[in-house]
Each structure stands twice: as C-alpha cells, then as structure tokens.
Amino acid sequence: MTASKLIGALFAATILTAPAFAQGYPERQITMVVPFAAGGPTDTVARLVAERMSEDLGQQIVVENVGGAGGTLGAGRVAKAEADGYTVLLHHIGMATSATLYRNLAYDTLNAFDYVGLVTEVPMVVTARQDFEPADFPAFVEYVKANADSLTLANAGIGAASHLCGMLLMQALEAPLVTVPYKGTGPAMTDLLGGQVDIMCDQTTNTTQQIKGGTIKAYAVTTPERLDLFPDLPTAAESGFEAMQFGIWHGIYTPKGTPPEVNQRLSESLQKALADEGVTKAMADLGTAPSPAADATPEALKAKLEAEIARWKPVIEAAGVYAD
C-alpha cells in the first residue's frame, strides 16, 4: 500500500470510529457523581433525573455521593476520570463559586470539564426552627439584627447552597451570625428540626415537606416573584433585600475530552427526562421546574458557568471568605 493510500485509509477509519463509538454508547452502567451527601437537595435532583435518563439510554445511571470540601472532592474525581462518558458530574452553583472560594483547586474549573446541559434552577427559602419567635419576615429581620451574637445559622458546608444563601443573608441584614457548618444538608436539617440550630437558608427541594408539615418556619423566598407553591410566602425583595434574588442552578458535566457525540447523546437524554410529566410534577412539588430544552444543552451550560464565575468572584473577594 502506498503512503497516500495508507493515510487515506487511516483518515477514513478515524471518521468511522468516532460516530460508531457514539452509536454504541452507552454499553454499560454510567456513574453520576453528586459531590454532596445523600438526602440533600442536589442528590434529590440527581436521582430524579438519573432514573428517567436511565430509561432513555437503556443503561442504568448509578448515583454516587462523593461529598466533602464544598463539592470540590467529587468534582475533582470526575475531572480525573476517563473521558468516555461513563462518569458524569451533577453539580450546582458551587461549581462556579468554588473557582474563587478555593484558591488552590486541584483542577481548572473552566478547562477540566465538558458540558451536557442545565437541569433546573431551585429557589431558596429563609427558614428557622419551629418555635423561632418572629412571626413574619420584617419581624425576622429586626430580631436577627438585635440578637445576631446569640443566633446560629446552619449550612451544609463551605460552598454548599445553604452556605452561599447564608452569606448573602448575613450581608443583606448586616448581621454576622454564628455559622454552624455540617457535612451535608441532611444533618443540618435534622438539627434545625430538633431545635439545635436557629436558622437555615436552603433550597425548596429540601425544605418543602418540612414547611408544609409545619415542622420548620418559613419567612421568605429568594425569587423575584412569589412561588405558586407558597403563595403566602413573601420574597426577600418585598422587604427591600433585592440582593438576595438568586437561585441554585444545577448542571451535568463530563471530563474534558469526552467525545462531543457522547455529550450530545447525554444532552438529548437529559432533555427527554426534563420533558417527562413525572419529572415536571415531582419538581413542581419541590418548588422548582425543569430547565427548558434550549438550556439543557452543552452551549447553555458553558455560558452559564462562565457568567456565574464572573458574577460571584467579586462578591466572594469582597467578603474575604475563602475555604482554604
């Protein structure tokens, strides 16, 4: 075989191999790493989506919780994984904030991952133990400001959604509370239910059942408008705290170098999962909604991550709060 024919044969083989890999994908079980403890809000979202995606892909997606260091341990594991589509990461807004919160990350956030798509953006709720004294949010603000030294604010650990919301709450109220970090949302909620801590700002995915059951008090949501789920619950903005308007968005990532065809197959499966009536209803019951198909794409997630890193960097630097 001449050199030109050999090169041509190799080129043809390369063209045929990449699509063939994607067409056969997936051929075995996929691991979805959640960088937080089981039972937390991100874990809830992951298991809901993983179940429907498994049905579409024809292979099981197993959720594995790799918590610790504000989600960076799990993210770091995926960054080092084989870029073959069999290890994926479902992470929330902490993917963006950790780029500044951690000054010595083991990976480069913007260059260590490829993208599948956005999953959902979950509202946050300011909550407190069941017997907390204030009756409404204005009274809550006054009480917290007057008793900041003696009140405790729980969070699920540095970089967790509840940590970010708590940081914004303290900044907005100009009240430095005694923060109590936990290893996951589950343990933090357990102590809030038991009255061991006073306040927690957490996602609706983790607080709806307790709020409706009356086992914790809810004071305000972080959305621009009131939620249909809690129509009588005011927004923080209604009391003049516009800076507390934010949600906890979630996205799915793969290790850098994953074949584009694989990322696209995962994205298509994600879009089908998010369009499922059962998923839509389950998310509505948790106070959130699936991302539209246009956002459940690699391009949309990449743009979101870049924008959020830029948004949070000056906020974190101004606060001088770092995890390392």
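Residues numbered from 1 in each chain as written. Predicted model: local features only at pLDDT ≥ 70, side-chain atom pairs only at ≥ 80, totals over all residues. Heavy atoms only, no water.

Trainee: What should I look at first to understand the state of the cysteines in this one?
Mentor: Covalently bonding the sulfur atom of one cysteine to the sulfur atom of another cysteine gives a disulfide. Throughout the structure, instances matching the rule amount to 1 disulfide. Two residues share a disulfide in this structure: Cys165 and Cys201, whose sulfurs sit 1.8 Å from each other. Of this pair, Cys165 sits in helix α6 (residues 161–173) while Cys201 sits in strand β8 (residues 199–203), placing them 36 residues apart in sequence. As far as burial versus exposure is concerned, Cys165 and Cys201 are alike and both buried. (Disulfide = S-S within 2.5 Å. Helix = DSSP H or I, 4+ residues; strand = E, 2+ residues; numbered from the N terminus. Buried < 20%, exposed > 50% of the residue type's maximum accessible area, 1.4 Å probe, protein only.)

Trainee: Could you clarify how one ought to interpret the pattern of salt bridges in this entry?
Mentor: Between side chains of opposite charge, pairing is possible as soon as their charged atoms come close. A complete count under the given rule lists 18 salt bridges for this structure. With a closest N to O distance of 3.2 Å, Arg103 and Asp324 form a salt bridge. Of this pair, Arg103 sits in the loop between α4 (94–101) and β4 (113–122) while Asp324 is found in the segment after α11 (298–319), placing the two residues 221 residues apart along the sequence. For Arg311, the salt bridge goes to Glu308, with nearest N and O atoms at 3.8 Å. Remark: Glu308 and Arg311 occur in helix α11; sequence separation between them is 3 residues, near one turn of the helix. Arg311 gets classed as partly exposed once you look at its relative accessible area, which sits at 36%. The buried category is assigned to Glu308, whose relative accessible area is 7%. (Salt bridge = Lys/Arg side-chain N within 4 Å of Asp/Glu carboxyl O.)

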